[in-house]
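Architecture and fold: a report
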Amino acid sequence: MSEYLIKNGHVFDPVQGIKGDKKDIAIKDGKIVDKVGSGAKVIDAKDKTVMAGAVEIHAHIAGPKVNLGRIYRPEDKLFSCTPTKGMERMGGGASIPTTFKTGYEYAKMGYTTAMEAAMPPLFSRHVHEEIRDTPIIDEGAFPVFGNNWFVLEYLKNHEIENTAAYIAWMLRVTKGYAVKVVNPGGTEAWGWGLNCLSINDPVPYFDITPAEIVKGLIEANEYLGLPHSMHIHPNNLGNPGCYETTLDTLRLAEGFKAKNKFGREQVLHLTHTQFHSYGGTTWGDFESKAKEVTDYVNKNKNITIDTGNVTLDETTTMTADGPFEHHLTGLNHLKWANVDVELETAAGVVPYIYSPNISVCAIQWAIGLEIPLMMKDPMRCYITTDHPNAGPFTRYPRVIKWLMSRKARETQINAFKHKDKVLSQTAIGTLDRELSLYELAQMTRAGPAKSLGLSAVCGGLAPGMDADVAVYNFNPDKPVADPEDIEKAFSRCAAVFKSGVQVVSNGDIISNGHKRTLWVNVKTKENPQVARDIAEKFVKYYSMTQNNYEALGHHFVPNPFALEVDATN
Amino acid sequence: METVTITMKNAPALYLEADTISPDAFAGKNAAQIAELPAFEGNVPTTLGKYFEISGTAGATAADTKIVVKGDVKKVKYLGFKMSAGELVIEGSTDLYVGAWMTGGKILAKGDVAAFAGLAMKGGELTIEGNAGNYLGAAYRGDWRGMSGGKILVRGNAGSDIGMYMTGGEIVVNGNVDVHAMTHAEGGKLLVKGNAKSKLGGQMVKGEVIIFGSIDTMMPGFKPVGEVALEVEGTRAMFSHFIGDMGERHPKRKGETVYANLYKKI
């Protein structure tokens, strides 16, 4: 493999504590190294910003519900298609781009790793076929567990060992990465026309509460010592006053400590926190509770969060929180799609327009920015848009602009139709903080990599790590004349390397790289009871046989990268 | 106002997607520059000059520009696409998407137009002297935002699904319309001087439909509420008044539920 030397750039790397010093980054055989020979190809990064490739911790970019969005929203591709250009295949879609466009757009912004946040296990084959067709970026997928019949039955009796054995089996057959929980119990209740809006609402038939599901899954996750923690979308998403359910959920993690060999410190990852930080009792007195939620997270070091920033775009909401999507279509009257996944989960899809002229949307925008600005430790708060739910991931440069420039925030606040309401219902107008490039690298690289248990692999520029490097046309020595320059610089990289292969040059794709599928291979002791339960459920309930269930072999996972976990003791 | 005349000389083998034939794209350009404007023949990028003989110079702005299209343009799509001002006269018949997404100005099509004419139109005037195809003034596939403003006049007949998801503006059809007119409409007005077929106004939330002729089969979701005298374009007559679609959700204004109104001449 070629050698490269990225010379004279301003390097920001939280892993090594480098804060913008002029440094050379050497690449050899796909890894960051101390030095390379004189024959190495030199990339001039003078007056540019150099960071590790960014890590996406939560996005919906592959699988059946994403594809359902693509199928039932042809209008999303209207005027958003790009023709074949050089290496690039044609692509299309604004909020639900095609697989190829997804890979290209992430790479052009300097992202080299991304996690698909909700994989229905029954459709893991479909998820992996889409991951395979998304070029460049390394991807993993989180199977959903919070409404799974096995989990509900085991945890009802607090059978942690059996739950853990089931999780290990599931990660292996679906080539999954982590334990995802969406509206625990509520999505199963939705099959009965009901929902769980608090952590103590019983799940019909199973007679278990969301609180028991969440605690049990944390215990099982730590019993196995998985790279990532339990990753949760709590109950009661998106409703005025939901922050209390959020705090109740976070309190469930009290007393638990992370046990793993991957350097992860949290036991609970709270996703799209913006959607879970609402106060008020109606949309009329709707207000921000970002302070209450971040105060709690700031104090409790065993929790990490991501933001879920509203980007004020027309987008497509999609979640395994089936009852929520039904609620949403009742609010905006736009087309609704719903899918039940037997024994396991469900999903809904509804288009949504976050209009700057609607006060609720403007307040949501403000809450999304308050959260990272109120978080004291940037290593525990990561930037996401819960793509495509709060906005498309292609808007990250715009979110970065708002976080790095108070002036940019003021410009947006002044453009809102209900500016006064935004200022009275949130604290966005009082926040002076502007994120530094170092903090940005923590929130988009080192932080999410650590939370995912990938801190030895990516998210940093230390020798021995994967050579994922992004070079931005942004000179940190020069004051920012116009906040738009920030958005521009972070939209299109000067150069991007993925595992030591240059994939982007001057904003254009020049290679499809060697994309990998990240998954977690857990070895556990034989568990005859769980094996028997699985076989029985396939015979009695599943509409397919167990033999057809596994995402197996080269077709589904052509280039695997397995993180090995030994949980036999 | 300056006039540019474009005449079809070399007919395309495949369909020509000429979304640059609009006063907005022509404005400020001379004949040679207009000839260089891009288009697609099938999936192959091409230019207007390969097909059209172009004479005249456009005005400085779209409002100062009139385009006259001559010759056989039955295989040309997107004439007047997204136009905001000025005039476009099409001497013959043409293909899909005439005046689609237009926001202003005037289009006169002297022949027939195929489907999707005036699609998601926001303003301006579109006059069709021949017949119009399906989805006239409708929403794009999958979209819920149909025609929202402006006026469409069809002197002949119109096809099916016209005014689908319409939210504003007016469509007048002097002849007959096919099935599914005004499906899902949430505003706007449709006047049909001939006959309408079945599924008229299905799932309609708001808006108005006036039919001078017959209705094949009335939607069961429309409820008769009496007879009214109306004067419509100079014709004074009695009409049966229906409200609906009762199977659809309806908003409230000042405590009163708002329905779509359907009037059929007696």
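Summary of the structure given here.

With that out of the way, let us pick up the overall build of chain B. In terms of helices and strands, chain B carries two helices and 19 strands. Its C-alpha atoms give chain B a radius of gyration of 20 Å, within 12% of the compact-globule value 18 Å for 266 residues. For chain B, the spread of C-alpha atoms along the principal axes amounts to about 60 × 35 × 35 Å. Taken over 266 residues, chain B has a buried fraction of 54%. Accessible area of chain B: about 10900 Å², with a carbon and sulfur share of 47%.

With respect to the helices and strands, Leu126 of chain B occurs in strand β10 (residues 125-128). Separated by 26 residues in the primary sequence, Leu126 of chain B and Ile152 of chain B place their C-alpha atoms 4.7 Å from one another.

To continue, consider the pattern of salt bridges. Residue and element names in this part refer to chain A. Applying the stated criterion to the full structure yields 44 salt bridges over all chains. In this structure, Arg251 engages Asp248 in a salt bridge whose closest nitrogen and oxygen atoms are separated by 3.0 Å. Of this pair, Arg251 and Asp248 both sit in helix α8 (residues 243-251), separated by three residues, roughly a single helical turn. With a relative accessible area of 40%, Arg251 lands in the partly exposed category. In this structure, Arg380 and Asp377 form a salt bridge, with 3.7 Å as the shortest nitrogen-oxygen distance. Bridged by salt links that share partners, the residues Lys31, Asp138, Asp466, Asp468, Lys498 and Arg516 form one connected network.

It is worth spelling out unusual backbone geometry at this point. Note the cis peptide between His387 of chain A and Pro388 of chain A, where omega equals -5 degrees. Its place among the elements puts Pro388 of chain A in the loop between β18 (381-382) and α12 (396-404). Cis geometry is found at the peptide bond from Gly244 of chain B to Asp245 of chain B, where omega equals -20 degrees. Positionally, Asp245 of chain B belongs in the loop between β16 (235-244) and β17 (252-253). Phi at Tyr165 of chain B is positive, roughly 60 degrees, even though this residue is not glycine. As for its placement among the helices and strands, Tyr165 of chain B is situated in the loop between β11 (151-154) and β12 (170-173).

Looking now at the packing of helix α9 (residues 290-299) of chain A against helix α11 (residues 359-374) of chain A. Residue and element names in this part refer to chain A. Between α9 and α11, whose axes approach to 9 Å, the crossing angle comes to 30 degrees. Our classification of the angle between α9 and α11 gives roughly parallel. Seen from above, α9 lies across α11 with right-handed handedness. Residues Ala290, Lys291, Thr294 and Asn298 of α9 touch α11, and the partners they reach there are Ile367, Glu370, Ile371 and Met374. Among the residues making up the contact of α9 with α11, the classes are represented as four nonpolar, two polar and two charged.

Quick look at the packing of helix α4 (residues 149-156) of chain A against helix α5 (residues 160-174) of chain A now. All names here are of chain A. α5 packs onto α4 with a crossing angle of 165 degrees between their chain directions and a minimal axis gap of 8 Å. Judged by the inter-axis angle, α4 sits roughly antiparallel to α5. Regarding α4 and α5, the two cross each other, and that crossing is left-handed. In this structure, α4 contributes Phe150, Val151, Tyr154 and Leu155 to the contact, and α5 contributes Ile160, Asn162, Thr163 and Tyr166. Its residues assigned to classes, the contact of α4 with α5 shows six nonpolar, two polar and no charged.

Interface size is often expressed as the accessible area that is lost when the parts come together. Listed by partner, the interface residues are ten residues for chain B and eleven residues for chain A. Interface area lost by chain B to chain A is led by Tyr140, Trp144 and Arg249 of chain B, which between them contribute 51%. The interface formed by chain B and chain A includes one salt bridge. A salt bridge links Arg145 of chain B to Glu314 of chain A; the shortest N-O distance between them is 2.9 Å. Summed over the shared surface of chain B and chain A, the result is three residue pairs in polar contact (both at pLDDT 80 or more). When the residues that make up the side of chain B that touches chain A are grouped by side-chain class, the tally is four nonpolar, one polar and five charged.

Okay, the packing of aromatic side chains next. Residues and elements named next belong to chain B. The tally for this structure, following the rule as stated, stands at 35 aromatic pairs over all chains. Each ring, one from Tyr97 and one from Phe116, has its centre 5.0 Å from the other, and the planes form 15 degrees; the classification is stacked. Of this pair, Tyr97 sits in the loop between β8 (87-90) and β9 (106-109) while Phe116 sits in the loop between β9 and β10, and the two are 19 residues apart along the sequence. Classification of Tyr97 as buried rests on a relative accessible area of 11%. Judged by relative accessible area, which is 10%, Phe116 ranks as buried.

Our focus in this paragraph is the sheet that holds strand β9 (residues 180-182) of chain A. Residues and elements named next belong to chain A. Strand order in the open sheet formed by five strands is β9-β10-β11-β14-β18, and the pairing between neighbours is parallel. The open sheet has two free edges, formed respectively by β9 and β18, since each of these has just one partner strand. Across the face of the sheet, helix α7 (residues 210-224) comes into contact with β9, β10 (230-233) and β11 (268-270) while running at roughly 155 degrees to β10.

This part is about the pairing of β12 of chain B. Remember that side chains alternate between the two faces of the sheet whenever the strand is regular. As paired strands, β11 of chain B and β12 of chain B are joined by four bridges and run parallel to one another. What sits directly across from Ile152 of chain B, in β12 of chain B, is Ile171 of chain B.

Our focus in this paragraph is the sheet that holds strand β15 (residues 314-319) of chain A. All names here are of chain A. Ordered by their spatial adjacency, three strands build an open sheet running β15-β17-β16, and the pairing between neighbours is antiparallel. Each end of this open sheet is capped by a strand with a single partner; those strands are β15 and β16 (337-341). Averaged over neighbouring strand pairs, the angle between their axes works out to 15 degrees when direction is ignored. Contacts from helix α10 (residues 322-332) reach β15, β16 and β17 (345-353), with the element oriented near 25 degrees to β17.

Within α9 of chain A the residues assigned to the buried category are Ala290, Val293, Thr294, Tyr296, Val297 and Asn298 of chain A. Here the buried face of α9 of chain A lies against α8, β11, β13 (287-288), β14 (303-306) and α11 of chain A.

On the surface, Trp192, Leu194 and Tyr205 of chain A cluster together into a nonpolar patch covering about 380 Å² of accessible area. With respect to the helices and strands, Leu194 of chain A occurs in the loop between α6 (186-190) and α7.

Moving on, we get to the environment of Val15 of chain A. Residues and elements named next belong to chain A. For Val15, the position within the fold is in the loop between β1 (3-13) and β2 (18-28). On the accessibility criterion, Val15 (41% relative accessible area) is partly exposed. Setting aside its immediate chain neighbours within four residues, Val15 contacts Ala446, Gly459, Gly460, Ala462 and Met465.

All names here are of chain A. Within the fold, Thr304 resides in strand β14. Here the side chain of Thr304 touches His269 through a polar contact of 2.7 Å, side chain to side chain. For Thr304, the side chain forms a polar contact with the side chain of Ser451, separated by 3.3 Å.

Analysis parameters
- Residues numbered from 1 in each chain as written.
- Chains lettered and ligands numbered in written order.
- Predicted model: local features only at pLDDT ≥ 70, side-chain atom pairs only at ≥ 80, totals over all residues.
- Heavy atoms only, no water.
- Helix = DSSP H or I, 4+ residues; strand = E, 2+ residues; numbered from the N terminus.
- Rg over C-alpha atoms; globule rule 2.2 N^0.38 Å.
- Buried < 20%, exposed > 50% of the residue type's maximum accessible area, 1.4 Å probe, protein only.
- Areas by Shrake-Rupley, 256 points an atom, 1.4 Å probe, with all protein chains shown as cover.
- Salt bridge = Lys/Arg side-chain N within 4 Å of Asp/Glu carboxyl O.
- Axes fitted to C-alpha atoms, helices over the stretch in contact; angles between N-to-C directions.
- Parallel < 35°, antiparallel > 145°, perpendicular 65-115°, else oblique.
- Left-handed = near helix turned anticlockwise from the far one by under 90°.
- Contact = heavy atoms within 4.5 Å.
- Nonpolar A, V, L, I, M, F, W, Y, C, P; charged D, E, K, R; others polar.
- Buried area = accessible area lost by both parts, 1.4 Å probe.
- Polar contact = N/O pair within 3.5 Å; in protein donor to acceptor, adjacent residues only side chain to side chain.
- Phe/Tyr/Trp six-rings, centres within 6.5 Å; stacked < 30°, edge-to-face > 60°.
- Pairing = 2+ DSSP bridges.
- Patch = residues over 30% accessible without salt bridge, like charges linked within 9 Å, V, L, I, M, F, W, Y side chains within 5 Å.

By themselves these figures say nothing about function.
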